[in-house]
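Each chain, written out:
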Amino acid sequence: MKLNLSLFLLATTATTCSNAFVMKQPATATSLLSSTASPPERVAPDAGYVPDWEDQPGLSPEEFIKSDESKPDLAGMWECPLTRWDSENIDIKAAQLEAAKMPHCPLEVRASEADNSAGTEYFVKNKEKLRAELLKYGAIWFRGFDLMKSVQGHREMYESLGLDPCLDPLHSSGLRKFASERDALYEEVNKPSLRGHYIGLHCESTAKRTAAYAAFVCFQKATEGGGRFLVADGAAILAELDSDLLQKLYDRQIRISVSNLDIPPSLPDVVKGGIKNLVDAAVAPKFDMDLEMIYESDGKPGRLQAVETAERPINRHPVTGLPVWFNNAHNHARKLRDRRPCGVPEVGMTEVFYADTMDPLTEEDCAEIKRASEKHITALSMEPGDVLLVDNYRALHGRDVFEGDRFHAVSWFTWDDNEEWRGDERRIVEKNGLNQMINGMMDWLPKDFESQQN
């Protein structure tokens, strides 16, 4: 194995950490805990609420992608802000009682004829109310709005609400490329090679950086079915989870590995140490994450894993102080990924560990995280013009598998009313080369790539 190729493979797939979506049969805890010599059956997870499709018309790709060239170019947007951690001294049972009082997430706001006639003015007039409701509910699903059927209208919407764009927390990772760079709009995970990959619940967050808010927009739903956007309330999941498990995870903390690099285990220790040091010095810093390179933390001989720093799975909301389930275990736990549709090569597979021992989460703990999380998923039937506005410190999101072509996009936002939290970093242009290289690699993968095709 050539070292430069190995480093490239590590770089091309570290993004599966983030970040970051039919008919299904629920996978029960019993089926999750069963273990045989053969690979487990892959079953798409269930959801607590599955709204019907309405088949709303959209614009052609040539029409919806047009930018308003009269508006300023936003390519020099803010860097994604640093994560706001406030996770010490949380009383688990008291936090669950407080979280249980929250209203259902998301709030659904359906456009009337008058709302559509008002266009941008609807959001201008209702700015303060909608921003307050975002904090209260954790997410707002705007349905049936004509304005946001295009890139131009999407930008008018978020500017009317006073939202200030920033980079994706993992911009350099390359999972998302820009749909319209001048409008601070990224493509969602629409790549044909990943349409058969179920993206579990996660906040768009790393231990280091977290976007404050997000606006996910549908320009074209999946042409041959599927592709529901998933959202769940971190407060509802916290209230639902077993209290003993929460206390255990809170006390022991968790660490997440974001990439695997399999080195021949027969290599001398001095060579493996040199590879580890080189990856640590030359590759890991480009992902703007606090990573530690660790050998064989999942027990596989020769495997070098990039592991994030320890974090508690519960965090207080920076604005409201509400304790919420704030972590990406539902998406990243290997025992869950191995039992649902997965289109990520082995080098990009993730794992969740107890931070104190670096043992992977047990099947029993993964089963409880799965049960509580999926009970509170709303599997949105997003149509052209629909937008899900998300408080990224409150609500988790994901995406179901789909067939055909799909075009959803997302804008990330920093703290528009707190300069200290926003910071003064602007876009770091040096990140672009890695982003573009990785996107090229992901586009090269065959359609309907499966994780077994390593």
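Residues numbered from 1 in each chain as written. Predicted model: local features only at pLDDT ≥ 70, side-chain atom pairs only at ≥ 80, totals over all residues. Heavy atoms only, no water.

*Asks:* I would appreciate a short explanation of the nonpolar core in the present structure.
*Replies:* For soluble globular proteins, nonpolar side chains are generally found buried alongside one another. Counting 107 residues, the largest nonpolar core has Phe-123, Phe-142, Met-148, Met-157, Trp-325 and Leu-388 as the members making the most contacts within it. Considering each element in turn, this core owes the most residues, seven residues, to strand E7 (residues 213-220). (Core = buried A, V, L, I, M, F, W, Y, C linked by side-chain atoms within 4.5 Å. Buried < 20%, exposed > 50% of the residue type's maximum accessible area, 1.4 Å probe, protein only. Helix = DSSP H or I, 4+ residues; strand = E, 2+ residues; numbered from the N terminus.)

*Asks:* Explain the pattern of salt bridges to me, please; I cannot follow it from the model alone.
*Replies:* When the charged atoms of two side chains with opposite charge come close together, those side chains can pair. Overall, the coordinates contain 29 salt bridges when judged by the stated rule. With a closest N to O distance of 3.1 Å, Glu-159 and Lys-71 form a salt bridge. On the criterion of sequence distance, the pair formed by Glu-159 in helix H8 (residues 151-160) and Lys-71 in the loop between helix H3 (61-64) and helix H4 (92-99) is long-range, its members being 88 residues apart. Lys-71 gets classed as partly exposed once you look at its relative accessible area, which sits at 23%. Arg-131 is the salt-bridge partner of Asp-416, the closest N and O atoms lying 2.8 Å from each other. Taken together, the residues Asp-416 in the loop between strand E18 (407-413) and helix H15 (419-422) and Arg-131 in helix H7 (residues 127-137) connect sequence positions 285 residues apart. Looking at Asp-416, the relative accessible area reads 30%, which means it is partly exposed. Through salt bridges with shared partners, a single ionic network connects Glu-54, Glu-108, Arg-110 and Arg-143. (Salt bridge = Lys/Arg side-chain N within 4 Å of Asp/Glu carboxyl O.)

*Asks:* Even after reading the chapter, I still don't get the confidence of the model for the chain, so can you show me in this structure?
*Replies:* Detailed reading of predicted coordinates is not advised where the pLDDT is low. On average, residues of the chain carry a pLDDT of 86, and 83% of them reach 70 or more. Long-range and interchain partners of residues 33-37, a stretch whose pLDDT sits below 50, account for four contacts in this model, where long-range means more than four residues apart. Note that pLDDT drops below 50 for residues 444-454; the model gives that stretch 26 contacts with residues more than four away or on any other chain. (pLDDT = per-residue confidence, 0-100. Contact = heavy atoms within 4.5 Å.)

*Asks:* How should the packing of H4 against helix H10 (residues 243-252) be read in this particular structure?
*Replies:* To describe two helices that pack against each other, one gives the angle between their axes and the distance between the axes. Close contact between H4 and H10 brings their axes to 10 Å; oriented N to C, the two are set at 120°. With respect to H10, the axis of H4 lies oblique. Considering how the two elements wind past one another, H4 and H10 form a crossing that is right-handed. Between H4, through Ile-92, Lys-93 and Gln-96, and H10, the contact on the second element is made entirely by Ser-243, Leu-246, Gln-247 and Tyr-250. Considering only residue class, the contact of H4 with H10 consists of three nonpolar, three polar and one charged. (Axes fitted to C-alpha atoms, helices over the stretch in contact; angles between N-to-C directions. Parallel < 35°, antiparallel > 145°, perpendicular 65-115°, else oblique. Left-handed = near helix turned anticlockwise from the far one by under 90°. Nonpolar A, V, L, I, M, F, W, Y, C, P; charged D, E, K, R; others polar.)

*Asks:* Would you explain the packing of aromatic side chains in this entry?
*Replies:* Two aromatic rings are characterised by how far apart their centres lie and by the angle between their planes. Under the criterion given, the structure shown has 17 aromatic pairs. Here Phe-123 and Phe-145 contribute two aromatic rings whose centre-to-centre distance is 5.4 Å and whose plane-to-plane angle is 45°, an arrangement assigned as tilted. Here Phe-123 is found in helix H6 (residues 120-125), whereas its partner Phe-145 is found in the loop between strand E2 (139-143) and H8, with 22 residues between them in sequence. Both rings, one in Tyr-213 and one in Trp-415, keep their centres 5.8 Å apart while their planes meet at 70°; by these two values the pair is edge-to-face. Here the residue Tyr-213 occupies a position in strand E7, and Trp-415 occupies one in the loop between E18 and H15, the gap between them amounting to 202 residues. (Phe/Tyr/Trp six-rings, centres within 6.5 Å; stacked < 30°, edge-to-face > 60°.)

*Asks:* How should I be thinking about the side chain of Arg-340 in this particular structure?
*Replies:* Summarising the element assignment, Arg-340 is placed in the loop between helix H13 (334-337) and strand E14 (351-354). With sequence-adjacent residues up to four places away left out, Arg-340 is seen in contact with Arg-42, Val-43, Pro-45, Tyr-198, Gly-200, His-330 and Asn-331.

*Asks:* Help me out: how do you make sense of unusual backbone geometry in this one?
*Replies:* Only a minority of non-glycine residues have a phi that is not negative, and only a minority of peptide bonds are not trans. That bond from Cys-105 to Pro-106 is cis: its omega, 10°, falls within 30 degrees of zero. Tracing the backbone shows Pro-106 in the loop between H4 and strand E1 (107-110). Within the chain, Ala-184 stands out as a residue other than glycine whose phi angle is a positive 55°. Relative to the helices and strands, Ala-184 resides in the loop between strand E4 (178-180) and strand E5 (185-187). A positive phi angle, close to 60°, is found at Met-358, a residue other than glycine. Looking at the secondary structure, you find Met-358 in the loop between E14 and helix H14 (363-375).

*Asks:* What should I look at first to understand the sheet that holds strand E8 (residues 229-233) in this one?
*Replies:* Consider a sheet: its strands pair through backbone hydrogen bonds, and that pairing is either parallel or antiparallel. Strand order in the open sheet formed by four strands is E6-E17-E8-E15, with antiparallel pairing between adjacent strands. The two strands at the open ends of the sheet, each matched to only one other strand, are strand E6 (199-202) and strand E15 (378-380). Strand-to-strand twist across the sheet, computed as the mean angle between neighbouring axes with direction ignored, equals 20°. Examined bridge by bridge, E8 and E15 share three bridges and lie antiparallel to one another. Looking at the pairing, Leu-230 lines up with Ala-379 of E15. (Pairing = 2+ DSSP bridges.)

*Asks:* Can you walk me through the sheet that holds strand E11 (residues 303-308) in this structure?
*Replies:* Taken together, four strands build an open sheet; the order of strands is E10-E11-E9-E14 and the sheet is antiparallel. Edge positions in the open sheet fall to strand E10 (291-295) and E14, since each of these has one partner strand only. With direction set aside, neighbouring strand axes in the sheet form an average angle of 35°. Note: strand E9 (residues 254-262) against E14, four bridges, orientation antiparallel. The partner of Ile-256 across the bridge, within E14, is Val-352.

*Asks:* What should I look at first to understand H8 in this one?
*Replies:* The α-helix winds at 3.6 residues per turn, so residues separated by three or four positions along the chain end up facing the same way. A large share of H8 lies buried, amounting to seven of its 10 residues. For H8, the complete set of buried residues consists of Val-151, Gly-153, His-154, Arg-155, Met-157, Tyr-158 and Ser-160. Positive phi appears at Gly-162, one or two residues downstream of H8, with a value of about 75°.

*Asks:* Which parts of the structure should I look at to understand the side chain of Ser-180?
*Replies:* One can find Ser-180 in strand E4. Judged by its relative accessible area of 7%, Ser-180 is buried.

*Asks:* When you look at the pairing of strand E17 (residues 395-399) in this model, what are you seeing that I'm missing?
*Replies:* Among the five residues that make up E17, five are buried, leaving the element largely enclosed by the rest of the structure. The alternating pattern of E17 places Ala-395, His-397 and Arg-399 and Leu-396 and Gly-398 on opposite faces, both of which are buried. Looking at chain direction, E6 and E17 are connected through two bridges and run antiparallel. Considered in E17, the bridge of His-202 is made with His-397. Pairing analysis gives five bridges linking E8 to E17, with the strands arranged antiparallel.

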